[in-house]
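# Report on the structure
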Amino acid sequence: AGQERFGSLTKMYYKGAAAAIVVIDITAASSFDRARQWVHDVKENEGPGIVIMVAKNKCDLIQEAKNSRDAVDQKAVADYCKENSLLLSECSAKSG
């Protein structure tokens, strides 16, 4: 709650950036929805030349995510990244 009122401030964090990393939580489908909005906003404000990487976080929980209804559809993420010329990476804050 209240995040909407800070939305205009976020632009100052990536203004003039050459690249951006957008992190999604593979255990929460809503994070992919938010990530798509971030990608849209960054491209809209910084132009098509900015390099954007989507980092799928919590990959140490991939087995648990496969059994969860709220997990991110891995194929949807890969397809989205390919369609939008985004780099894609996997990571885990826990295991590296």
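In what follows, the structure referred to is the one given above.
We now turn to the structure provided with this report. (Residues numbered from 1 in each chain as written. Predicted model: local features only at pLDDT ≥ 70, side-chain atom pairs only at ≥ 80, totals over all residues. Heavy atoms only, no water.)

## Here's the deal with the side chain of Asp 25
Checked against the element boundaries, Asp 25 lands in strand E1 (residues 19-25). Given a relative accessible area of 18%, Asp 25 falls into the buried group. For Asp 25, the residues in contact, after removing those within four places along its chain, are Ser 31, Asn 57, Lys 58 and Val 72. (Helix = DSSP H or I, 4+ residues; strand = E, 2+ residues; numbered from the N terminus. Buried < 20%, exposed > 50% of the residue type's maximum accessible area, 1.4 Å probe, protein only. Contact = heavy atoms within 4.5 Å.)

## Some remarks on the packing of aromatic side chains
Under the defined criterion, the tally for this structure stands at two aromatic pairs. Geometrically, the ring pair formed by Tyr 14 and Trp 38 is edge-to-face, given 6.4 Å between the ring centres and 75 degrees between the ring planes. Of this pair, Tyr 14 sits in helix H1 (residues 7-14) while Trp 38 sits in helix H2 (residues 29-46), placing them 24 residues apart in sequence. If you follow Arg 36 out to its NZ or CZ, it ends over the ring of Phe 32, 4.1 Å from the centre. (Phe/Tyr/Trp six-rings, centres within 6.5 Å; stacked < 30°, edge-to-face > 60°. Lys NZ or Arg CZ within 6 Å of the ring centre and 35° of its normal.)

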